[in-house]
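# Examining the three-dimensional arrangement
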Amino acid sequence: MSSKNDYVVYTPLPSTTTPQNVVVLPYYRPPPVNRRRRLLRQCTCSAAVLLLFSAAVYFLYPSDPTIQLARIHLNRVRVNSSPGLTLDLSFSLTVKVYNRDFFSLDYDKLVVSVGYRGRELGFVSSAGGRIRARGSSYVDATLDLNGFEIIHDVFYLLEDLARGVIPFDTDTLVEGNLGLFFFKIPIKGRVSCEVFVNTSNQTIARQDCYPE
């Protein structure tokens, strides 16, 4: 048992203290991105988006079919003077229809008309059909004209007969629908040709076609 005379002994504090150093680090900021590199990255992304959009438009945007007069054959041409001045004419034509789209094309009909000096002589139409995507179809048609009166164009016809060449105009039209997913998009193609017929051997001397 301790008495009043007992004292508690404390260890004295050292006269010197150990110094402590505190290091303050500055706020870290990431180095700035090169402005030219960032601009180049933005331009590259924009060009890629534009390229994808252009490709989508090219593949999906509907285009009218291309029509070409692949073959034209003159079966007969004859001018009758009795009982009146009339014309007998027969053409056999082969028309090539090319579907430029990436979807099938259903055409209702193909119409070919023949005229002389701006006046229609007659026309022939064929049944419809289907053309596969990026495919072609050949359609045959025959136009027969017998006893067509040419009183209004008799002077021009006499001049053409004297030269031995008769110019005819042909106009080919195809109409149909393009199957784009669940939609039916109407499209149309047309080509006009100027055909020069040699009356001596009844052959095609020259033809000039103009797509429309």
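An account of the accompanying structure is given in this report. (Residues numbered from 1 in each chain as written. Predicted model: local features only at pLDDT ≥ 70, side-chain atom pairs only at ≥ 80, totals over all residues. Heavy atoms only, no water.)

## Re the pattern of salt bridges
Applying the stated criterion across every chain yields a total of 6 salt bridges. A salt bridge links Asp88 to Arg78; the shortest N-O distance between them is 2.9 Å. Here Arg78 lies in strand S1 (residues 66-80) and Asp88 lies in strand S2 (residues 86-98), a separation of 10 residues in the sequence. As a salt-bridge pair, Asp106 and Arg130 come within 2.6 Å of each other at their nearest N and O atoms. Within this pair, whereas Asp106 is found in strand S3 (residues 105-116), its partner Arg130 is found in strand S5 (residues 129-131), the two being separated by 24 residues in sequence. Each of the salt bridges in this network shares a partner with another, and the network as a whole consists of Arg117, Asp160 and Arg163. (Salt bridge = Lys/Arg side-chain N within 4 Å of Asp/Glu carboxyl O. Helix = DSSP H or I, 4+ residues; strand = E, 2+ residues; numbered from the N terminus.)

## With respect to helix H2 (residues 154-163)
All of the buried residues along H2 are Val154, Leu157 and Asp160. Viewed end-on, H2 has its buried residues packed into an arc of 120°, placing them on one side of the element. Facing away from the buried side of H2, by more than 90 degrees, are the exposed residues Phe155, Ala162 and Arg163. The positive-phi residue at the C-terminal boundary of H2 is Gly164, with phi of around 90°. (Buried < 20%, exposed > 50% of the residue type's maximum accessible area, 1.4 Å probe, protein only. Arc of directions from axis to C-beta.)

## Focus: the pairing of S2
Of all 13 residues in S2, 11 are buried, a share of seventy percent or more. Where S1 lies against S2, 13 bridges are found, and the strand directions are antiparallel. In the strand pairing of S2, Leu74 is matched with Phe91. The hairpin formed by S1 and S2 contains 5 residues between the paired strands. (Pairing = 2+ DSSP bridges.)

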